[in-house]
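Inside the fold
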Amino acid sequence: MARSSRQSSPQFSGQRTHPVDEVLPVGKLALYGFQHVLAFYAAAVIVPLLVGNALGLTHDQLVYLINADLLTCGIASIIQAFGIWKIGARLPLVQGVTFTAVSPMIAIGLGAGGGVAGLLVVYGACITAGIATFLFAPFFSKLVKYFPPVVIGTILTIIGLTLIPQGLQDAAGGAQLIGHPAYASGKNLAYALGTLLFILLMVRIGKPYLSSLAVLLGLIAGTGVAWCLGDVDFSAVGHADWFGVSTPFHYGMPKFQLFPIIAMVVVMLITMVETTGDVYAIGEITRKRVDNTTVANALRADGVATVLGGVFNSFPYVAFAENIGLVRMSRVMSRFVVVAAGMIMIAVGLLPKVGAVVAVIPHPVLGGAAISMFGMVATVGIQILGKVDLREERNALILAVSLGAGLLPSAVAPFFDRMPADVKAILDSGITLGGLTAIVLNLFFNVFTRRTSMEIDWDEIEDDAADGSAVPGGSPTGFAAH
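What you see is a predicted model; the values in this text were computed from it and never measured.

1. Thoughts on the packing of aromatic side chains
With the rule as written, the count across this model stands at 6 aromatic pairs. Consider the rings of Tyr64 and Tyr251, whose centres lie 6.0 Å apart with planes at 75°: the pair is edge-to-face. Here Tyr251 lies in the loop between helix 9 (235-239) and helix 10 (258-286) and Tyr64 lies in helix 2 (residues 59-82), a separation of 187 residues in the sequence. A relative accessible area of 13% means that Tyr251 is categorised as buried. A centroid spacing of 6.4 Å and a plane angle of 70° characterise the contact between Phe82 and Phe336, whose relative ring orientation is edge-to-face. Taken together, the residues span a long stretch of sequence, with Phe82 in helix 2 and Phe336 in helix 13 (residues 335-350) at a distance of 254 residues. Residue classification places Phe82 among the partly exposed residues on the basis of a relative accessible area of 45%. Among the residues examined, Phe336 registers a relative accessible area of 16% and is labelled buried. Ring pairing ties together the aromatic residues Phe136, Phe139 and Phe140, which thus form one cluster.

Okay, structure coming up:
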């Protein structure tokens, strides 16, 4: 394909607003934003539930953690998508609590005695690690050259493959039903499959508006069918409070201890790799140029959000891979949709009754929608890998060994049970282990040997988007050798 001059490209010459920066009508912003909230909600509340239950918190304390999490998610997402000074990537990225931090936070909390006392130590570590992330962001962004397509594509593929089992578990009824006869029952699988088929039907119809709302309509339809069959209970909505505010340092002043802080800083370093991959993935989907400055701004937003998490009784934050799949499916690229989603999250965080309405969506229905979205995350990774020369043995080994490492924690969990607690807290995550493996192997095979690597060619992406020859879901990203 002939390459046109970037200066003459109408897509980026100021004659037409890039889809990422397009401000949609209020009605569409609300609808698309609500779809992001629904897609994000289950994953958002699972972390406070896991941590709170592990630390032995009461039911009321758990509810408070969930509301605080949603409130902070909303603020963090607005900062990331809208951007303030050099904070925020100004891309349609939703911020959520990172799963990578779950095991370390539980270890830190239990080591401090559990309960509220454990939470205070966790919050002290979060605040310190968030500040460190903010300060280290510009230096980390300069390391992007060590993340060629073989690394970024592998990490994104691992993220998708790691998330898909969570969607499948929800499709079976949710983790809370494991060991119960209802787990993986025919009814649960029917709800999940019905929701997934409904989403596929909406996309198949081909109407752009219906396709962009496919996930939202699927969740509504699945919940409606479940309600008609008596499997949705709205009684919790009536018992929920109308209004509740998460106040700073609700449980007391955070406690700052050295080893928990070190552990959380290590966790944030790992999540910085994840956010870097997510930023490149959303750039790939939206055809928006991503450079070191964009990555640094995104990482600063992670740092600020994590500090806010420690202050407002929540946890460390990262750009959420789950919603990248939704952007890919819906093809709605406006970052202001995420801003609208952030406002809705804040409202849900302040209005427990609204949150209770969202919470009644059955796990199988959520699982059916999640399978398609999480699979899309892996698809973006595969799309990037499509430009990597996998006939070259070294690149093939980076991918092969990293995939094996990424699947190890879920395939052989007892292996990590025999590790020291501090080591387990860091490595017992497929995303963490697989991502670190890809980075180390790339250094070993390509960087230390000074071999030529492939980098994303953003000029080609922009030119393709300008002349209409490449759209999300179309041809893969272009890469250039350097």
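Next comes the rest of the account.
2. With respect to helix 6 (residues 186-205)
Taking 1.5 Å of rise per residue, 20 residues should cover 28 Å, and helix 6 covers 28 Å from first to last C-alpha, within 8% of that figure. Of all the positions in helix 6, only Asn188, Tyr191, Ala192, Thr195, Leu196, Ile199 and Met202 are classed as buried. Projected down its long axis, helix 6 carries its buried residues within an arc of 120°, all on one side. For helix 6, the exposed residues lying more than 90 degrees away from the buried face are Gly186 and Arg204.

3. Thoughts on the nonpolar core
Of all hydrophobic cores here, the largest spans 64 residues; its most connected members are Leu91, Leu93, Ile159, Val215 and Leu219. Ranked by the residues each element gives to this core, the list is headed by helix 15 (residues 363-385), at 10 residues. Discounting chain neighbours no more than four positions away, the residues touching Leu91 are Val20, Gln80, Ala81, Val279, Ile282, Lys288, Val290, Thr294 and Arg335.

4. Some points on the packing of helix 8 (residues 214-228) against helix 15
At their nearest, the axes of helix 8 and helix 15 sit 9 Å apart, and the two run at 160° to each other. Judged by the inter-axis angle, helix 8 sits roughly antiparallel to helix 15. When you trace helix 8 past helix 15, the crossing you get is right-handed. Residues Val215, Gly218, Leu219, Gly222 and Thr223 of helix 8 form the contact with helix 15, whose participating residues are Val365, Leu366, Ala369 and Met373. A breakdown of the residues in the contact of helix 8 with helix 15 according to their chemical character gives 6 nonpolar, 3 polar and no charged.

5. Some words on helix 13
Helix length check: helix 13, at 16 residues, gives a terminal C-alpha distance of 23 Å against a target of 22 Å (1.5 Å per residue), a fit within 8%. For helix 13, the set of buried residues is Arg335, Phe336, Val337, Val338, Val339, Ala340, Ala341, Gly342, Met345, Val348 and Gly349.

Reading the values: the criteria
- Residues numbered from 1 in each chain as written.
- Predicted model: local features only at pLDDT ≥ 70, side-chain atom pairs only at ≥ 80, totals over all residues.
- Heavy atoms only, no water.
- Phe/Tyr/Trp six-rings, centres within 6.5 Å; stacked < 30°, edge-to-face > 60°.
- Helix = DSSP H or I, 4+ residues; strand = E, 2+ residues; numbered from the N terminus.
- Buried < 20%, exposed > 50% of the residue type's maximum accessible area, 1.4 Å probe, protein only.
- Expected span 1.5 Å × (residues − 1).
- Arc of directions from axis to C-beta.
- Core = buried A, V, L, I, M, F, W, Y, C linked by side-chain atoms within 4.5 Å.
- Contact = heavy atoms within 4.5 Å.
- Axes fitted to C-alpha atoms, helices over the stretch in contact; angles between N-to-C directions.
- Parallel < 35°, antiparallel > 145°, perpendicular 65-115°, else oblique.
- Left-handed = near helix turned anticlockwise from the far one by under 90°.
- Nonpolar A, V, L, I, M, F, W, Y, C, P; charged D, E, K, R; others polar.

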